[in-house]
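The lines below spell out each chain.
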Amino acid sequence: MPLEYLGAPPVASDRQARPFSPAVRAGDFIYVSGQVPANAEGEIVAGGIEAQTRQVMENLQKVLALAGATLDDVCKSTVWLHDARDFGAFNRVYMSYFGENKPARSTTEARLMVDAKVEIDVVAYKPKG
């Protein structure tokens, strides 16, 4: 089964398209590229970790929808936090987006490629129907 590339490459505030796909479907799995707290204009949203986490989660939902998937289909997430001291506040927002079944997750502190406090990528399982 061939790979399916979903969505147009994102454009950042410099109006340059980024060299990756928002998501790739490989069979029944959907691999979503790392999402940062960028708004529709490609600008990082103002505010602290909570506002930025909400924006990232909204961005993840939009990309998952390209494959007909939702956060309920996420089986694994990887999180990068700019500052480990934000972990508690991040967790409160993150948990509010998942129901009873929470995906497996890895979280680390890292300097991000953009001036953001959080980046998240996910893998979802959604059989094509």
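Below you will find a few notes about this structure. Just so we're clear, the structure is a prediction, and the values are computed from it rather than from any experiment.

**Remarks on the environment of Asp 115**
- For Asp 115, the position within the fold is in the loop between β5 (104-109) and β6 (118-125).
- Once the C-alpha coordinates of Asp 115 and Pro 37 are considered, the two residues, 78 residues apart in sequence, prove to be 9.6 Å apart.

**Points about the layout of surface pockets**
- As a volume, the largest pocket reaches approximately 750 Å³.
- Pro 10, Val 11, Gln 35, Val 36 and Ala 38 are the residues nearest the centre of the largest pocket, which is lined by 26 residues in total.
- Counting residues per element, the ones that place at least two in the lining of the largest pocket are β3 (29-35) and α1 (49-65).
- Looking at the lining of the largest pocket, its residues break down into 15 nonpolar, eight polar and three charged.

**Section: the packing of aromatic side chains**
- Evaluated as defined, the whole model comprises four aromatic pairs.
- For the pair Phe 29 and Tyr 31, a centre-to-centre distance of 6.5 Å together with 35 degrees between the ring planes defines the contact as tilted.
- Take Tyr 31: its relative accessible area is 40%, and that puts it in the partly exposed class.
- Geometrically, the ring pair formed by Phe 90 and Tyr 94 is tilted, given 5.3 Å between the ring centres and 35 degrees between the ring planes.

**Concerning the sheet that holds β3**
- Strand order in the open sheet formed by six strands is β1-β2-β3-β6-β4-β5, with mixed pairing between adjacent strands. At either margin of the open sheet sits one strand with a lone partner, and together these are β1 (4-6) and β5. Neighbour-to-neighbour, the strand axes of the sheet open up by a mean angle of 15 degrees, direction not taken into account.
- Here strand β4 (residues 74-81) runs beside β6; their pairing, made up of seven bridges, is antiparallel. From the neighbouring strand, Val 74 faces β6, where its bridge partner is Ala 124.

Rules behind the numbers
- Residues numbered from 1 in each chain as written.
- Predicted model: local features only at pLDDT ≥ 70, side-chain atom pairs only at ≥ 80, totals over all residues.
- Heavy atoms only, no water.
- Helix = DSSP H or I, 4+ residues; strand = E, 2+ residues; numbered from the N terminus.
- 1 Å grid on protein atoms, 1.4 Å probe; cavity = no way out; pocket = protein on both sides within 12 Å on 5 of 7 lines; lining within 4 Å.
- Points joined across faces, edges and corners; volume = space filled by probe spheres on them.
- Nonpolar A, V, L, I, M, F, W, Y, C, P; charged D, E, K, R; others polar.
- Phe/Tyr/Trp six-rings, centres within 6.5 Å; stacked < 30°, edge-to-face > 60°.
- Buried < 20%, exposed > 50% of the residue type's maximum accessible area, 1.4 Å probe, protein only.
- Pairing = 2+ DSSP bridges.
- Axes fitted to C-alpha atoms, helices over the stretch in contact; angles between N-to-C directions.

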